[in-house]
Amino acid sequence: MYVIMKNKLFIIVLLFVSFGFSQEKMKNNKSEQMMNLNGNWKFNAIYGEGSNYNNIKASSRDVVVDNLDINQIKVKGEWTTTNVEERGSGFYKDNYLKHFFKDKTDKSSVIYIPNLPTSGYYEAFVRFPFAINLNTKVNIQHANGIDTQYFNQRNRCDEWLSLGIFTFEKDKENGLEITSDVYGVSVSADAVLFRPVSKEKIISSEKEKKTVFLNNFDDTDWYNLKVPGHYGMINDFSNYTGKAWYRKTFTTPDKWTLDKNEKIRLKFDGVYHIAKVYLNGKFIGEHQGGFTPFEIDITKNVELNKPNVLAVETNNNAIVGATWNWGGIIRDVTLVKNNDVRITHNYIHADPDLDKGTASLELKIRIENSGSTDRVLDLKTNIYREKQLQEITKKVTVKANSTKELVLKSSLKAKDVKLWHFDRPYLYKMQHTLLDNGTEVHTVNDRFGIRKIELTDKNLFLNGEAVRLAGYNRVSDHRYWGSSEPQEIINKDVDLMKNAGANFMRIMHGTQNRKLIERCDEKGILLFEEVNVRDLDNSEFTSPNYPLVKSWVKEMVERDSNSPSIIGWSVGNELTGHNAYATMMMNYVRELDAHRLVTCVSNTGFREEATPATDPNTNTDIIMHNHYSFQGTAQSVLSAIRNKWPNKSIFISEYGVDRLKSTSLDEDLPKASDLNDNLRGKNEFVIGASLWTYNDYRSGYIGTSEEENRTWGIVNAWRQKRRFYTRMQKENSPVKDIKVTFNKTKAAIVIPIKERNNYPSFTMVDYKLVWNLKDANGTVISSETKKLPVLQPEDAVWEGQIKLSKSIDKAVVMNIALVSSNGYTRFEKTIALQKPEKPTITSVVAGKNETRVYFNEVVAAEEYFISYTNSKGETVKTEPTIANFIEVKDLQLPAIKANLIAVNSLGESLPQSVELKNNQQKLPPVIWQTFIRDNYIIVGYSGELNDESYTVRYGTSKDKLLNIITTYTRGMMTIPIMKLDTYFLQIKRKDKNGDSNWSPVITVKKN
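Keep in mind it's a predicted model, so treat the numbers as computed, not measured.

**Regarding the overall build of the protein**
Turning to step 1, where the next piece is worked out: Secondary structure assignment for the protein yields nine helices and 68 strands.
Turning to step 2, where the next piece is worked out: Taken over C-alpha atoms, the radius of gyration comes to 30 Å for the protein, in line with the 30 Å a tight globule of 1007 residues would show.
Turning to step 3, where the next piece is worked out: Sorting the 1007 residues of the protein into buried and exposed places 61% on the buried side.
Turning to step 4, where the next piece is worked out: Taking contacts inside the protein between residues at least 6 apart in sequence as the whole, the part at least 24 apart equals 72%.
Turning to step 5, where the next piece is worked out: Roughly 40500 Å² of accessible area belongs to the protein as shown, and the carbon and sulfur atoms make up 46% of that amount.
Turning to step 6, where the next piece is worked out: When the 135 basic and 123 acidic side-chain charges of the protein are each reduced to a single mean position, those positions are 4 Å apart.

As structure tokens, this is what we get:
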């Protein structure tokens, strides 16, 4: 790392390039042509290579062995029998076994030996309740030997999880053993299941395995699945874990020819988690690690201008932490034709002189020659911002079958330097061209931004200004798109986060989608990016050198090491026993990128046993700590860390106050404000904090909602704002309020500004006030803007006046916002000018002792409630809501008269009468969202604990819902459609007591 030690000041100077995925690079040029292989692929899984646990229910033909079946189990060591539902986890039948593995000498295990009716093929399943172990070991003793698999016992608890199909012999000690190679953790053992499999199925499956990658394999009856995408876009694979296959037939463009100096490479930006790739029937390569890119030279395998068959075996068995294992080809696939001499990596570092305004440049360009002859080349680099600013040239000789790295130096004049900032994310363009005797050999177009980071023992300086910044952890997850994340959801998320005050974040565990990084470059969010390491006991990893992790780190850093948004790297999250690993891996990162901060995110630095001699916080450039309430008060934790490492700034990389109680949009966490009080005017060494999380995310982790969504977000899994969003938008604002005092045709404005030691705090340049007036129909009848002077934390307050339109007499509401120079809301306020009109009821759905009332929202309303008189003559008011429906519980009468009322700061609307009905069927799911993409109707819906299935009926006429689809999938289903049109649908759910009522009919409009 380039570090200047001066008065305890660490100066990290950066100039960055967006390498490899910018729009410019994706265009064909003279020296490089690309073919996009995204779109529809054929998809399926081979029987026995994976399982959707939602579909597995024990039947009479299965052999089930429970921990109570003492004649079919062998217990080694001291296991405790318990019926305690730890963390709400269920278990099979009456109880289960549990054991704490103390040390390496502990060889305890539970062996299940089934009384099989016959020898033969069986699919084996294991079932367990919650235990703390992330790597419980399961040994499968079968007729052909022993296989071993590892399970995270915090995830997918109380479900039948497939181990695969094996040959088991009757009357021999074939079976399953549950144990652990990891110590200091508990393991649970409950039940196993053996399902007989016919020999015919095995023969068919084995034949398919041997032929699935061949060109003449018939995939006509396979599913169509979009790439980028994931298994769960198909209902039958919603909870699938295991191997699955993709196939695509493609023909290279007519104009493609191949001379002796050219290569064709196949590039994958991400396949979760293991990929084995075949082309035209031949194995051509593999990659392990779902979030980093890889490429394969296919020059000798591809046929030009003829059909080629690409087959990819994917495997999503790796389940890490609480996030979902979205399996498949989750990112772009591209065919690239270029020369055997090419630029494989570039890196640019700048030292901006903040006094003079200039910037010196140092560029590193790696050139690969995979040809058989030495090449003498000219390298030309051009730098642009609106016009060409620089041209740098250098001659280079690259020997055959080798790489060479060049260093170029130059500088930019003050008039040409614009610093990158989260409010003003100025970007430059750069073009590198290799020439051979004047002929273009390879060209790479990139973007970059110039800025300086300075870090002291208590401050983060951006371009010379001390800033304290806020942000979020964004889980790369969406209930339909999963982790494949198209540009539309990336754009939406960045906008929502920026409008909620996001400027700096440790964005998530795992290498992010390159398109997200580029969007943060463009819109201005500082990031730490992290390799996907959350448990060093992961069976994939090999200590002490961790070669697989090193490959992930290198792929991540070399892909993103030039992005202006990224100011640092993390080598892991919440690890234990990790001092040697973290120190070694951070030093490796510094070898790859000497000009960024490096850390290892911790949640243990405050503990008594963590000392400067034993904890990797000593070797980090900045301490990143994940804080949760079980650790103690925020102040006690911060003080403990600061006392041990008084010379290091701290960034709270996660603060999870509490998980939200439900998926409701009315959820809020006032405790988040309490935690921020620890940063306001004190603990100035904390340079910022990042909330866990921005969004709800899918999970099989214990304690997850019935919709399979972890409810931590300020928005739900469908990006709908909660009350929590509004809270955090205000918390993360650099101002405390916008106070408005009306005076006829003018209004006095007072904006109290947060002090420099407040949180967050930074100077606001080129900000403006934006306000509008709306009438009762929601029509904007007036909209105006006022430019503001530079607002600094030291200013304390800004006061001024704005003119009001004559239309104010017709307005029911005024919206006023402080808007940044790049168009994002920094504070907003809605001011009611009239009481709200009464809302209109759209539908009433009866349930068993409950009713759900749907209504149209009213422009000036802030929230809604229902009031009624119960059977005891008492007046009951429901909790107020910001949603467009209210559920009234505990109804004792068949029908009750009630009133729906809208509320704002000026009072209540006139009541809208409604009859609350009661019947014997349960309420249907709430439909959160519907839309049409990729020839599917996507339906997001709520769920209940004991739901067994969900049914949708739909059609292109509201009165003729003639099509029906039923699925076990929780939270989201996809409905294949033959044509784009406007559709109508409704949903119901089923449990052991029967069907619920149908929901109201929803209209789904085509795009």
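**Quick notes on the side chain of Asn382**
Turning to step 1, where the next piece is worked out: Inspection of the secondary structure puts Asn382 in strand S29 (residues 375-385).
Turning to step 2, where the next piece is worked out: Side-chain polar atoms of Asn382 contact the side chain of Gln388, separated by 3.2 Å.
Turning to step 3, where the next piece is worked out: In this structure, Asn382 is in contact with Gln388, Gln390, Glu391, Lys429, Met430 and Gln431, ignoring residues within four places of it in sequence.

**Focus on unusual backbone geometry**
Where the residue is not glycine, phi is negative for most of them; where a peptide bond is considered, it is trans in most cases.
Turning to step 1, where the next piece is worked out: Cis geometry marks the peptide bond from Ser543 to Pro544; its omega dihedral reads 0 degrees.
Turning to step 2, where the next piece is worked out: With respect to the element layout, Pro544 can be found in the loop between strand S38 (526-530) and helix H5 (547-560).
Turning to step 3, where the next piece is worked out: Residues Trp692 and Thr693 are joined by a peptide bond in cis, for which omega reads 5 degrees.
Turning to step 4, where the next piece is worked out: Examined against the element boundaries, Thr693 turns out to sit in the loop between strand S43 (686-692) and strand S44 (697-698).
Turning to step 5, where the next piece is worked out: Here Asp766, not a glycine, exhibits a phi torsion of approximately 60 degrees, which is positive.
Turning to step 6, where the next piece is worked out: Mapped onto the secondary structure, Asp766 falls in the loop between strand S47 (746-752) and strand S48 (768-774).

**Topic: the packing of aromatic side chains**
Turning to step 1, where the next piece is worked out: Applying the stated criterion across every chain yields a total of 38 aromatic pairs.
Turning to step 2, where the next piece is worked out: Here the aromatic rings of Phe43 and Tyr246 are separated by 5.2 Å at their centres, their planes lie at 65 degrees, and the arrangement is edge-to-face. Residue Phe43 is located in strand S3 (residues 39-44), and its partner Tyr246 is located in strand S18 (residues 240-251); the two are separated by 203 residues in the primary sequence.
Turning to step 3, where the next piece is worked out: Taking the relative accessible area as the measure of exposure, Phe43 reaches 0% and is therefore buried.

**As for the nonpolar core**
Turning to step 1, where the next piece is worked out: One finds Tyr472, Tyr581 and Ile714 to be the most contacted residues of the largest nonpolar core, which totals 65 residues.
Turning to step 2, where the next piece is worked out: In this view, Ile714 contacts Tyr472, Ala500, Leu691, Thr693, Tyr694, Gln720, Lys721, Arg722, Phe724, Tyr725 and Met728; residues no more than four positions away in its chain are not counted.
Turning to step 3, where the next piece is worked out: Counting residues in each nonpolar core, the second largest holds 50 residues, with Leu37, Phe237, Val302 and Ala717 among its members.

**Description of the sheet that holds strand S23 (residues 294-297)**
Turning to step 1, where the next piece is worked out: The antiparallel open sheet is built from four strands, whose spatial order is S2-S26-S19-S23. Strands with a single pairing partner mark the edges of an open sheet, and in this sheet they are strand S2 (33-36) and S23. Adjacent strand axes in the sheet meet at a mean angle of 25 degrees when their direction is disregarded.
Turning to step 2, where the next piece is worked out: Note: S2 against strand S26 (residues 333-339), four bridges, orientation antiparallel. In the strand pairing of S26, Met34 is matched with Val336.

**Focus on helix H9 (residues 723-731)**
Turning to step 1, where the next piece is worked out: By the burial criterion, the buried members of H9 are Phe724, Tyr725, Met728, Gln729 and Glu731. Axial view of H9: buried residues confined to an arc of 160 degrees, hence all on one face.

**Section: the side chain of Lys337**
Turning to step 1, where the next piece is worked out: By the element assignment, Lys337 lies in strand S26.
Turning to step 2, where the next piece is worked out: Look at Lys337 and you get buried, because its relative accessible area is 4%.
Turning to step 3, where the next piece is worked out: If we ignore the near neighbours within four places in the chain, the residues touching Lys337 are Ser31, Glu32, Gln33, Trp256, Thr257, Leu258, Glu262, Lys263 and Ile264.

**Focus: the pattern of salt bridges**
Turning to step 1, where the next piece is worked out: Evaluation of the coordinates by the stated rule reveals 61 salt bridges.
Turning to step 2, where the next piece is worked out: Among the salt bridges present, the one from Asp351 reaches Lys452, with a minimum N-O distance of 4.0 Å. Residue Asp351 is found in strand S27 (residues 341-352), and its partner Lys452 is found in strand S33 (residues 439-455); the two are separated by 101 residues along the sequence.
Turning to step 3, where the next piece is worked out: Accessibility expressed as a relative area gives 29% for Asp351, which makes it partly exposed.
Turning to step 4, where the next piece is worked out: Among the charged side chains, a salt-bridge network with shared partners connects Arg514, Glu518, Glu529, Arg559 and Asp560.

**Some details on the UniProt feature "domain: Golvesin/Xly CBD-like" (unreviewed entry) in the protein**
Turning to step 1, where the next piece is worked out: Mapped onto the present numbering, the UniProt feature "domain: Golvesin/Xly CBD-like" (unreviewed entry) falls at residues 63-194.
Turning to step 2, where the next piece is worked out: Structurally, residues 63-194 is divided into 0% helix and 50% strand, and its ends, taken at the C-alpha atoms, are 5 Å apart.

**So, the pairing of strand S49 (residues 780-787)**
Turning to step 1, where the next piece is worked out: Bridging between S48 and S49 involves seven bridges; their strand directions are antiparallel. Looking at S49, one finds that Leu769 is bridged to Lys786.
Turning to step 2, where the next piece is worked out: The turn linking S48 back onto S49 is made up of five residues, and Gly778 within it adopts a positive phi angle of 85 degrees.

**Describing the sheet that holds strand S42 (residues 650-656)**
Turning to step 1, where the next piece is worked out: In space, the four strands of this open sheet follow the order S36-S43-S42-S41, with parallel pairing throughout. The sheet is open, and its two edges are formed by strand S36 (469-473) and strand S41 (623-628), each paired on a single side. Strand after strand, the sheet turns through a mean of 25 degrees between neighbouring axes, direction not considered.
Turning to step 2, where the next piece is worked out: One ladder, built from four bridges, connects S42 with S43; its direction is parallel. When the sheet's bridge partners are listed, Ile652 is paired in S43 with Ala689.
Turning to step 3, where the next piece is worked out: Together, S41, S42 and S43 form the strand contacts of helix H7 (residues 634-644), whose direction differs from that of S41 by roughly 155 degrees.

**Details of the packing of H5 against helix H6 (residues 579-592)**
Turning to step 1, where the next piece is worked out: Where H5 meets H6, the axes come as close as 10 Å, and the angle between the chain directions of the two elements is 35 degrees. Once H5 is placed against H6, the crossing between them reads as right-handed. In contact with Val549, Lys550, Val553, Lys554 and Val557 of H5, H6 contributes Tyr581, Met584, Met585, Tyr588, Val589 and Leu592.
Turning to step 2, where the next piece is worked out: Looking at side-chain class alone, the contact of H5 with H6 contains nine nonpolar, no polar and two charged residues.

So, how was this worked out
- Residues numbered from 1 in each chain as written.
- Predicted model: local features only at pLDDT ≥ 70, side-chain atom pairs only at ≥ 80, totals over all residues.
- Heavy atoms only, no water.
- Helix = DSSP H or I, 4+ residues; strand = E, 2+ residues; numbered from the N terminus.
- Rg over C-alpha atoms; globule rule 2.2 N^0.38 Å.
- Buried < 20%, exposed > 50% of the residue type's maximum accessible area, 1.4 Å probe, protein only.
- Contact = heavy atoms within 4.5 Å.
- Areas by Shrake-Rupley, 256 points an atom, 1.4 Å probe, with all protein chains shown as cover.
- Lys, Arg positive; Asp, Glu negative; His and termini not counted.
- Charge placed at Lys NZ, Arg CZ, Asp CG, Glu CD.
- Polar contact = N/O pair within 3.5 Å; in protein donor to acceptor, adjacent residues only side chain to side chain.
- Phe/Tyr/Trp six-rings, centres within 6.5 Å; stacked < 30°, edge-to-face > 60°.
- Core = buried A, V, L, I, M, F, W, Y, C linked by side-chain atoms within 4.5 Å.
- Pairing = 2+ DSSP bridges.
- Axes fitted to C-alpha atoms, helices over the stretch in contact; angles between N-to-C directions.
- Arc of directions from axis to C-beta.
- Salt bridge = Lys/Arg side-chain N within 4 Å of Asp/Glu carboxyl O.
- UniProt positions renumbered as here; feature names shortened; annotations may be inferred.
- Left-handed = near helix turned anticlockwise from the far one by under 90°.
- Nonpolar A, V, L, I, M, F, W, Y, C, P; charged D, E, K, R; others polar.

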